[in-house]
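# Summary of structural features
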Amino acid sequence: MRIGELARCPNVDLVACRIVEAYLRVQLGNIALDNARYNEAVEHFTAAVNASNFFYKFPIHLTHDKFVALFGWDLKSLWQTANQQQCYALFRAGRSGAAIESYQSIMDKADENVMADIHARFTSEYFSNVSPSLYDHQRHFTQLK
C-alpha cells in the first residue's frame, strides 16, 4: 500500500505515515545525490522536509521507537538530516539562492545544539567539496549564524 493511500485510511497514525515518507524520501535523495542527479535529489529531500515539518517538534524517536527497533532508523535526527541534505542538494544543483533560504529556514527552526551542529557541518564538511566559485556563499553561510 502506498504511503498516500495509507494516510487516507481511517484510524491511521499520521505521524507514523509522515515518518515513513520522510525516511524513505531521504534514502531516495541520498541515492540520487550519490549518482549526481541533483535536481532529483532536491525533489526527494523537499518531500522529506515537507513530511518532517509535520513532526519536527515531537520526540518521534521516543513515541515511534518501533521504527528504531525494527529497522534501525535514526529518528532523532530525521528532520535535521532531511533539511541538511535538501540544502546541500540545492547547492549541488546550482541553486545557491534557494540553498541559502533553506539554510536560514533550518536555523530559524532549530534549537541551539542543532544550530551548532548544522553550522559546523556546512562550514566544514559540505564546503570542502564545492567549487571556488561558491566560496562567497560559504562566507555568507558563516556570517548568517
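In this text the structure is predicted, and so the values were computed from the model without any measurement.

## A few points about the overall build of the chain
- A tally of helices and strands in the chain yields 9 helices and 0 strands.
- Listing every helix and strand of the chain by position from the N terminus yields α-α-α-α-α-α-α-α-α.
- Residue pairs in contact within the chain that sit at least 24 positions apart in sequence constitute 60% of those at least 6 positions apart.

## Structural notes on the side chain of Ser-52
- Here Ser-52 is to be found in helix H3 (residues 38-52).
- Take Ser-52: its relative accessible area is 0%, and that puts it in the buried class.
- In terms of polar contacts, Ser-52 uses its side chain to reach the backbone carbonyl oxygen of Val-49, at 3.0 Å.
- Setting aside anything within four residues of it in sequence, one finds Ser-52 in contact with Ala-22, Trp-79, Ala-82 and Asn-83.

## Concerning the packing of aromatic side chains
- What the rule picks out here adds up to 4 aromatic pairs.
- A ring pair is formed by Tyr-23 and Trp-73, whose centres lie 4.0 Å apart and whose planes are at 10°; its orientation type is stacked. Of this pair, Tyr-23 sits in helix H2 (residues 14-34) while Trp-73 sits in the loop between helix H5 (65-71) and helix H6 (78-92), and the two are 50 residues apart along the sequence. For the pair formed by Tyr-23 and Trp-73, the shared burial category is buried.
- Ring geometry for Phe-67 and Phe-71: centres 6.4 Å apart, planes at 20°, overall stacked. Here the residue Phe-67 and the residue Phe-71 both occupy positions in helix H5, the gap between them amounting to 4 residues, near one helical turn.
- The class for Phe-67 is buried, based on a relative accessible area of 8%.
- One aromatic cluster in this structure is built from Tyr-23, Phe-67, Phe-71 and Trp-73.

Conventions we followed
Residues numbered from 1 in each chain as written. Predicted model: local features only at pLDDT ≥ 70, side-chain atom pairs only at ≥ 80, totals over all residues. Heavy atoms only, no water. Helix = DSSP H or I, 4+ residues; strand = E, 2+ residues; numbered from the N terminus. Contact = heavy atoms within 4.5 Å. Buried < 20%, exposed > 50% of the residue type's maximum accessible area, 1.4 Å probe, protein only. Polar contact = N/O pair within 3.5 Å; in protein donor to acceptor, adjacent residues only side chain to side chain. Phe/Tyr/Trp six-rings, centres within 6.5 Å; stacked < 30°, edge-to-face > 60°.

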